[in-house]
Amino acid sequence: MADMNNMEKLFETSDFIKDYFEKQGDVTAQYSVSETVTREISYIDDEFSLFRTLFDSNVGVGIIVDKKPGKTSTNSLNKETIKETLDNLLETTKSGMADDCFGLAPEIEGGEFTMGVLEPDIDKLMERAKELIEAIKNEYPKILLSQVILEHIRTDAVYRNSNGTEDVTHKGSYGVSLEFAGKEGDAVSGISGSYIKIDNLDTPFIELGRIRRDLEEAEMSAKPTPVEGKFVGKIIFTPECFMSALRTFRENALSDGVLIDKSSPWADKMGSKVASDLFTFSLKPWDSRIIEHEVHTVDGFRSEDFTVIENGVLKNFCTTLYGANKTNGKVAPNSSSAYVVEPGDTALEDMIKGIEKGLIVGFISCGAPGVNGELAGVAKNAFYIENGEIKHAVTETMISFNLITVLHNIIAISKETLCSGDWVIPYIMADDITISGK
């Protein structure tokens, strides 16, 4: 159940903002008032050292005045502070550039949405934490566990806009974050980590997400070895690594800015092949595996699931109302980061067996790719594969490929998926990647 005193405070603040804008005359506005309560438990250097509760308020406001947009936010619910913030917003918006394409969704039927677990079970959380730490000590003797952060985060929010829409949301989830290193004799690996968001405590933490695999990989990483020479081979992107790539695809090929200035390599590719037949990618805030849904878009439309690429064919861009108006396109049905990539029919172990020379890569350390998509970076949390077997962790190993064309080079997608609580992605194997070692 929602904290009624808390909700009354959020509605009171929202009413104050509504009254403020109604007095200003012709202002298109949308605003969200929220309060977040974080309960955090820390295990550092072999002991539980902290249990604290943090409170955070936020007011986010977007307006359009004389066809000019403005945004602001404050972490105070004090009315004087909010009034001063809104006064400043109106003043600074005057200096913006007018454009007929800025807009706000018409009124939609409002709703009250509850997601995840609102009230934490702290005793059970502690029980699972101790169980996790004991499991790591007993089953992973080469692991140096530096910290475990356990948290429960609850956010209540009221969203309104000047067209009459009102949404109320209550969401809560647990987060488990680990930081550790592998050791072998005097050698110690770099710091590794693992994170999972969950809405129940039914499963031992050690069995969640990629925690076991991350621990196993850290144990193998204490003595990494550079790859010998330079060659073109196959790479398996871990789900976390491919998640980072998807964010870049979205920014470089699907978003407002690159579609408006026509720098997107996919600007004229709607309905065309942009990826392997194996690849289907959607944004699904209402997927049952996504714990905290986006209920309305950044423009105030009701969020709906949609497919971006289906069997390699581009089906939708990720445009806002402004981007759609500028490009005569369609508004994307949601603006979330609920990335879902459909699984394939190949087991991860079979993917590894199918590689003569290549890598499995957990992270790429690199700068932003060029406008043409060319990317070169250092393979991190990476392992060399030869003749179908993982041989060793690698260091000082570069990989380079084109971030756009690599989608055409996907040759396998795993049956296994990783659900982080925010997204669901399998392992992705691509060919024709340049790998450079010593």
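Keep in mind it's a predicted model, so treat the numbers as computed, not measured.

## Focus on the overall build of the protein chain
Argument step 1. When helices and strands are counted, the protein chain shows 8 helices and 19 strands.
Argument step 2. Rg of the C-alpha trace for the protein chain: 24 Å, near the compact-globule value of 22 Å for 438 residues, within the 12% margin.
Argument step 3. Each of the three principal axes of the protein chain carries a C-alpha extent, and together these read 70 × 55 × 35 Å.
Argument step 4. A buried classification covers 50% of the 438 residues belonging to the protein chain.
Argument step 5. Across the protein chain, contacts joining residues at least 24 apart in sequence account for 73% of those joining residues at least 6 apart.
Argument step 6. In the form shown here, the protein chain has an accessible surface area of approximately 20,200 Å², with 46% of it arising from carbon and sulfur atoms.

## Quick look at the packing of aromatic side chains
Argument step 1. For the coordinates displayed, the defined rule picks out 11 aromatic pairs.
Argument step 2. With a centroid separation of 4.3 Å and an interplanar angle of 10 degrees, the aromatic rings of phenylalanine 102 and tyrosine 322 are classed as stacked. Of this pair, phenylalanine 102 sits in the loop between α2 (79–93) and β4 (111–116) while tyrosine 322 is found in helix α7 (residues 321–327), placing the two residues 220 residues apart along the sequence.
Argument step 3. With a centroid separation of 5.9 Å and an interplanar angle of 75 degrees, the aromatic rings of phenylalanine 242 and phenylalanine 279 are classed as edge-to-face. Of the two residues, phenylalanine 242 is situated in helix α5 (residues 239–254) and phenylalanine 279 in the loop between α6 (256–260) and β10 (281–283); the sequence distance between them amounts to 37 residues.

## So, the domain arrangement of the protein chain
Argument step 1. Entries for the protein chain in the domain assignment read domain 1 (5–219) and domain 2 (225–437).
Argument step 2. For domain 1 and domain 2, the distance between their C-alpha centres works out to 25 Å.
Argument step 3. Contacts between domain 1 and domain 2 engage 32 residues on the former and 30 residues on the latter.
Argument step 4. Of the charged contacts, one joins lysine 197 and aspartate 422 as a salt bridge, the two residues approaching to 2.8 Å between their closest N and O atoms.
Argument step 5. At the junction of domain 1 and domain 2, the tally comes to 13 residue pairs in polar contact (both at pLDDT 80 or more).
Argument step 6. Those elements giving two or more residues to the side of domain 1 that touches domain 2 turn out to be β4, β5 (143–161), β6 (166–184), β8 (192–198) and α4 (211–219).
Argument step 7. For the side of domain 1 that touches domain 2, the per-class residue count stands at 11 nonpolar, 11 polar and 10 charged.

## Thoughts on the side chain of serine 189
Argument step 1. Checked against the element boundaries, serine 189 lands in the loop between β7 (187–188) and β8.
Argument step 2. Residue classification places serine 189 among the buried positions, given a relative accessible area of 9%.
Argument step 3. A polar side-chain atom of serine 189 sits 2.7 Å from the main-chain amide nitrogen of glycine 182.
Argument step 4. Here serine 189 is in contact with Ala181, Gly182, Ala218, Ser221 and Ala222, once residues within four sequence places are set aside.

## Topic: the pairing of strand β17 (residues 398–402)
In summary, the side chains of a regular strand alternate between the two faces of the sheet.
Argument step 1. Pairing analysis gives 5 bridges linking strand β15 (residues 374–386) to β17, with the strands arranged antiparallel. Each residue of the ladder has a partner; that of alanine 376, found in β17, is serine 400.
Argument step 2. Strand direction decides the pairing type here: β17 and strand β19 (residues 424–436), joined by 3 bridges, are antiparallel. Residue pairing in the sheet places methionine 398 in a bridge with serine 436 of β19.

## Side note on the state of the cysteines
Argument step 1. Taken as a whole and judged by the stated rule, the model has 0 disulfides.
Argument step 2. Take cysteine 241: it sits in no disulfide, and the sulfur closest to it among the cysteines is that of cysteine 366, at 8.9 Å.

## Some remarks on the environment of threonine 92
Argument step 1. Considering the arrangement of structural elements, one finds threonine 92 in helix α2.
Argument step 2. Between the C-alpha atom of threonine 92 and that of lysine 71, which follows or precedes it by 21 residues, the distance is 9.5 Å.

## So, the side chain of threonine 85
Argument step 1. If you trace the backbone, threonine 85 turns up in helix α2.
Argument step 2. We classify threonine 85 as buried; its relative accessible area is 14%.
Argument step 3. For threonine 85, the contacting residues outside a window of four places in its chain are Thr72, Ser73 and Thr74.

## Considerations on the nonpolar core
Argument step 1. Ranked by size, the top nonpolar core spans 51 residues in total, and within it Phe242, Trp266, Phe279, Phe281 and Leu359 carry the most contacts.
Argument step 2. Per-element tally for this core: the top contributor is α5, with 8 residues.
Argument step 3. One finds Ile133, Leu150, Val176 and Ile206 within the second-largest nonpolar core, a separate group that totals 28 residues.

## Digging into the pattern of salt bridges
Argument step 1. Scanning the entire structure with this criterion turns up 28 salt bridges.
Argument step 2. Of the charged contacts in the structure, one is a salt bridge between lysine 326 and aspartate 99, with a shortest N-O distance of 3.1 Å. Of the two residues, lysine 326 is situated in helix α7 and aspartate 99 in the loop between α2 and β4; the sequence distance between them amounts to 227 residues.
Argument step 3. For aspartate 99, a relative accessible area of 16% translates into the label buried.
Argument step 4. Of the charged contacts, one joins glutamate 127 and lysine 124 as a salt bridge, the two residues approaching to 3.4 Å between their closest N and O atoms.

Conventions used here
Residues numbered from 1 in each chain as written. Predicted model: local features only at pLDDT ≥ 70, side-chain atom pairs only at ≥ 80, totals over all residues. Heavy atoms only, no water. Helix = DSSP H or I, 4+ residues; strand = E, 2+ residues; numbered from the N terminus. Rg over C-alpha atoms; globule rule 2.2 N^0.38 Å. Buried < 20%, exposed > 50% of the residue type's maximum accessible area, 1.4 Å probe, protein only. Contact = heavy atoms within 4.5 Å. Areas by Shrake-Rupley, 256 points an atom, 1.4 Å probe, with all protein chains shown as cover. Phe/Tyr/Trp six-rings, centres within 6.5 Å; stacked < 30°, edge-to-face > 60°. Domains from an automatic or database assignment. Salt bridge = Lys/Arg side-chain N within 4 Å of Asp/Glu carboxyl O. Polar contact = N/O pair within 3.5 Å; in protein donor to acceptor, adjacent residues only side chain to side chain. Nonpolar A, V, L, I, M, F, W, Y, C, P; charged D, E, K, R; others polar. Pairing = 2+ DSSP bridges. Disulfide = S-S within 2.5 Å. Core = buried A, V, L, I, M, F, W, Y, C linked by side-chain atoms within 4.5 Å.

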